[in-house]
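The lines below spell out each chain.
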There are 2 protein chains.
Amino acid sequence: MRPVDLIRKKRDGGEHSAQEISSLIEAFTRGDVPDYQMSAWMMAVLLRGMTSAETAALTEAMMRSGSVMDLSELPGVKVDKHSTGGVGDKTSLILAPIVAAGGLIVPMISGRGLGHTGGTLDKLEAIQGFNVNLSLGDFLRALREIGCAMAGQTAELVPADKKMYALRDVTGTIESAPLICASIMSKKLAEGIDGLVLDVKTGSGAFMKRTEDAEHLAQMMVDTGRRMGKKMAALITDMDQPLGRAVGNSREVAECLEILGGARHPMSEDLRYLSLELSAWMFHLGGRVTSVDAGRALASEMVASGRALAKFREICRMQGAEDPLRWPVAKFTAPFPATSGGFIASIQCEQVGLASLVLGGGRNKQDDVIDHAVGLELHKKIGDAAQAGEPIATVHYNDPARLPEAMRMLGEAYCVGSQPPSGPRVIVKNII
Amino acid sequence: MRPVDLIRKKRDGGEHSAQEISSLIEAFTRGDVPDYQMSAWMMAVLLRGMTSAETAALTEAMMRSGSVMDLSELPGVKVDKHSTGGVGDKTSLILAPIVAAGGLIVPMISGRGLGHTGGTLDKLEAIQGFNVNLSLGDFLRALREIGCAMAGQTAELVPADKKMYALRDVTGTIESAPLICASIMSKKLAEGIDGLVLDVKTGSGAFMKRTEDAEHLAQMMVDTGRRMGKKMAALITDMDQPLGRAVGNSREVAECLEILGGARHPMSEDLRYLSLELSAWMFHLGGRVTSVDAGRALASEMVASGRALAKFREICRMQGAEDPLRWPVAKFTAPFPATSGGFIASIQCEQVGLASLVLGGGRNKQDDVIDHAVGLELHKKIGDAAQAGEPIATVHYNDPARLPEAMRMLGEAYCVGSQPPSGPRVIVKNII
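Residues numbered from 1 in each chain as written. Chains lettered and ligands numbered in written order. Predicted model: local features only at pLDDT ≥ 70, side-chain atom pairs only at ≥ 80, totals over all residues. Heavy atoms only, no water.

J.: Help me understand the pattern of salt bridges in this model?
T.: Once the charged atoms of two side chains with opposite charge are near each other, the side chains can pair. Residue and element names in this part refer to chain A. One pass over the full model with this rule turns up 70 salt bridges over all chains. Two residues, D5 and R2, come together in a salt bridge whose shortest N-O distance is 3.1 Å. Among the residues examined, D5 registers a relative accessible area of 22% and is labelled partly exposed. A salt bridge links K123 to E252; the nearest nitrogen and oxygen atoms lie 2.7 Å apart. (Salt bridge = Lys/Arg side-chain N within 4 Å of Asp/Glu carboxyl O. Buried < 20%, exposed > 50% of the residue type's maximum accessible area, 1.4 Å probe, protein only.)

J.: How do you make sense of the side chain of R11 of chain B when you look at a structure like this?
T.: Position of R11 of chain B relative to the elements: it lies in helix α1 (residues 3-11). Overall, the relative accessible area of 5% leaves R11 of chain B in the buried class. Among the polar contacts listed, one links the side chain of R11 of chain B to the side chain of E175 of chain A, at a separation of 2.7 Å. In this structure, R11 of chain B is in contact with M43, L46, L47, G172, T173 and E175 of chain A together with A44 and R48 of chain B, ignoring residues within four places of it in sequence. (Helix = DSSP H or I, 4+ residues; strand = E, 2+ residues; numbered from the N terminus. Polar contact = N/O pair within 3.5 Å; in protein donor to acceptor, adjacent residues only side chain to side chain. Contact = heavy atoms within 4.5 Å.)

J.: How do you make sense of the packing of helix α15 (residues 349-361) of chain B against helix α16 (residues 403-413) of chain B when you look at a structure like this?
T.: What describes two packed helices is the angle between their axes and the distance between those same axes. All names here are of chain B. One way to put it is that α15 packs onto α16 with a least axis distance of 8 Å and a crossing angle of 175 degrees. Our classification of the angle between α15 and α16 gives roughly antiparallel. Contacts from Q351, V352, L354, A355, V358 and L359 in α15 reach L403, E405, A406, M409, L410, E412 and A413 in α16. Grouping the amino acids of the contact of α15 with α16 by side-chain chemistry returns ten nonpolar, one polar and two charged. (Axes fitted to C-alpha atoms, helices over the stretch in contact; angles between N-to-C directions. Parallel < 35°, antiparallel > 145°, perpendicular 65-115°, else oblique. Nonpolar A, V, L, I, M, F, W, Y, C, P; charged D, E, K, R; others polar.)

J.: Which parts of the structure should I look at to understand the sheet that holds strand β8 (residues 342-347) of chain A?
T.: Within a beta sheet, neighbouring strands are joined by backbone hydrogen bonds and run either parallel or antiparallel to one another. Residues and elements named next belong to chain A. An order of β10-β8-β12 is seen for the three strands of this open sheet, with the pairing classed as antiparallel. Where the open sheet ends on each side, the last strands, each with one partner, are β10 (385-386) and β12 (414-417). Strand direction decides the pairing type here: β8 and β12, joined by four bridges, are antiparallel. By the bridge assignment, S346 is partnered in β12 with C415. (Pairing = 2+ DSSP bridges.)

J.: Sorry, what's going on with the packing of aromatic side chains here?
T.: Each aromatic ring pair is summarised here by two numbers: the centre-to-centre distance and the angle between the ring planes. Residue and element names in this part refer to chain A. Taken as a whole and assessed by the stated rule, the structure comprises four aromatic pairs over all chains. For the pair F336 and Y414, a centre-to-centre distance of 6.2 Å together with 35 degrees between the ring planes defines the contact as tilted. Residue F336 is located in strand β7 (residues 332-337), and its partner Y414 is located in strand β12; the two are separated by 78 residues in the primary sequence. If you follow K163 out to its NZ or CZ, it ends over the ring of F28, 4.2 Å from the centre. (Phe/Tyr/Trp six-rings, centres within 6.5 Å; stacked < 30°, edge-to-face > 60°. Lys NZ or Arg CZ within 6 Å of the ring centre and 35° of its normal.)

J.: Mind showing me how you'd approach the interface of chain B and chain A here?
T.: Accessible area lost upon the coming together of the parts serves often as the stated size of an interface. Contact residues are listed per partner, giving 21 residues for chain B and 21 residues for chain A. Taking both sides of the interface into account, the surface hidden between chain B and chain A amounts to around 1,700 Å²; carbon and sulfur atoms contribute 68%. The largest share of the area that chain B buries against chain A comes from R11, Y36 and L47 of chain B, three residues that together contribute 33% of it. On the surface where chain B and chain A come into contact, there are four salt bridges. For E175 of chain B, the salt bridge is made with R8 of chain A, and the minimal N-O distance between the two is 2.6 Å. Connecting chain B to chain A are eleven residue pairs in polar contact (both at pLDDT 80 or more). Taken together, the elements giving at least two residues each to the side of chain B that touches chain A come down to α1, α3 (35-48) and α8 (159-170) of chain B. With ten residues, the top contributor of residues to the side of chain B that touches chain A is α3 of chain B. Looking at the side of chain B that touches chain A residue by residue, the classes come out as ten nonpolar, five polar and six charged. (Buried area = accessible area lost by both parts, 1.4 Å probe.)

J.: Where do I start with the side chain of S250 of chain A in this structure?
T.: Of note, S250 of chain A is situated in helix α11 (residues 249-260). If we skip the residues at most four places from it in the chain, S250 of chain A touches A126, W327, P328, H372 and A373 of chain A.

Okay, here's the thing in structure tokens:
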């Protein structure tokens, strides 16, 4: 079938065979299908949808567009977690050492931040010397020796996704559940894992604003993974406010080390809870425990015993960072005060992420350079009481010229009401 | 608004402003909007549709992407006809001289054939010396001196359509009523005409197989033309079998000259009737007569008096052909016999067109060279009785190696039944 016939078939609501999808993706990856045909096809997919068989076929075709890691020689069960992203979402830095310390293998390939969302690679790079650009050999060696590696995607893994994502970004075809699902799952399955826990965000700072859309995407990803023989679980979790209290790379690393060290902070309880919960599910999927409850106990034990923090130090050393506590600190801080008294009614998550971005802590474009030192620390979250003039956040900054814009954005982000709202739930729903 | 925002708006079912559409079309024509964005937008238009205001805005933006002919200095009313195309559809060669002979100006810009359909320019080029590549100056001189010119589109007219059509052809975005409407109407309105009669085909050989789709497109084109101040009429006409009896350029010219000369042939009556009917509507729209009935009388008079044939000779001479009777003749003929006796129940029009194409009489690709001599003459049409072995068509061919494939296609095209079917109507419906 010619590409135009495949476009017409999808346009008219038809269902593709796995063969049709794989030939299209192969030809596009080779450069034999031009961008203008791929973008028309992806728009047809966005508006017509895909069956679960088609979505699985697309995921597999994208996965096979490059090399697929073969971890079968490595003894042990390999599990990973994927989050759809948000503001202050730093659970990877906590759960990877917990789960590796608990005896599973965590081959974690992560991304960078863009716009209001952060990325695990950027957070890791805030630690002096931390190298996320591992060769395949170094990646495998780290897995063999310490049970965990955290690195960026190499060019060999899923080249189809790289081309497709760049095209989707400029052709209005990002917001398609099957395309999102295939993009995420092809990359994760190319890691050669046995199980995957999904953290699908919903709320003001999430890609999926509505819980039902998040559930739909989560179910689709779970189905796709299971069709390909993987153990899968998904948690639908809240992103109506930043997770934890730190936004900005250095500050987020500090918050993670605090939790790995066993310290508690009321503004970080949601992050701690979710990190342990995701770890528990990873232990369960990986067959390390026979129930999620037992997984929770094991995760807590890894923190309480200090083994999780020790594992994080191992990861840092293996990837070139002598000391996880060496990160840059901003020159200045400024309080962001409440303009009126009352209760924090809502936090526009995206605005908080963008406030950090304008300080230099994020990226507008893919090649922007990040200032790891800058960011925010939240002192109040939804439901908390605040008096007029009381600081509800602290801004960490290097360039005073950027402060007013960040302050203005925080002003837009926080809404103070006279009544306490019903508190948000960290975990909205489990899809098992 | 950035192109990606326009794509997203249409994707989500929004309505574009005229300003949004014109900026998109202008930027695409300049090359500032890449093909992959335009194809995604056109797929969204195909699946989401357009309001009549959007369709009119698109038509106008495409029309203004190049030069628009200004015929206002030319005294007289300018009318044209557009057909959505079919097999054996040669009415232009008959009605243009009739209407010009009757006192209106016919500035006819036509296209070439592709696939199973023929094109007016190809038919005219079957006549030795006929030049369809007129400069704008020659085109205007012909209109001034003899009231008619028949030529191909110049690069200056509607460049946006040329780019868009090439892209639609390979991205599955041909079959969109608003895009078809804007493509046709932008070209016709760039001719600077006052009135336009549309011949919208329906049936097995037509682009719109279903009458309701043809009506929908016809109504859209009529509305668009009227919004732009033009006199408009549309006839929905039958393309369940070839029009007239000749398929193939030389043979079609011969059939037209026969009708212009006043001769009658039972297999050509549908063509004669439709050509006079379209002429009658053109006379009426152009204000030459006060009723369509009077238009019919005037058209018949132009044929009976010999003035239409004389006008056709004038057109030929003006465009370089000394004698309209000089066209190439094929070396061989072969009868195509009925395999069983009965009544012609149906004719797969596309197969007849493709049979002529495989003989060399049509184009698979835009730059194929046509053999004007080859083609078919039909001796039986729907409802006619045929005995087993009786010739139901004659094949005119130059290359004996191509004959078996053409015969096979004709075999697929004709279906003979035991009962006479209800005869097809030439004109299915008028939209006034």
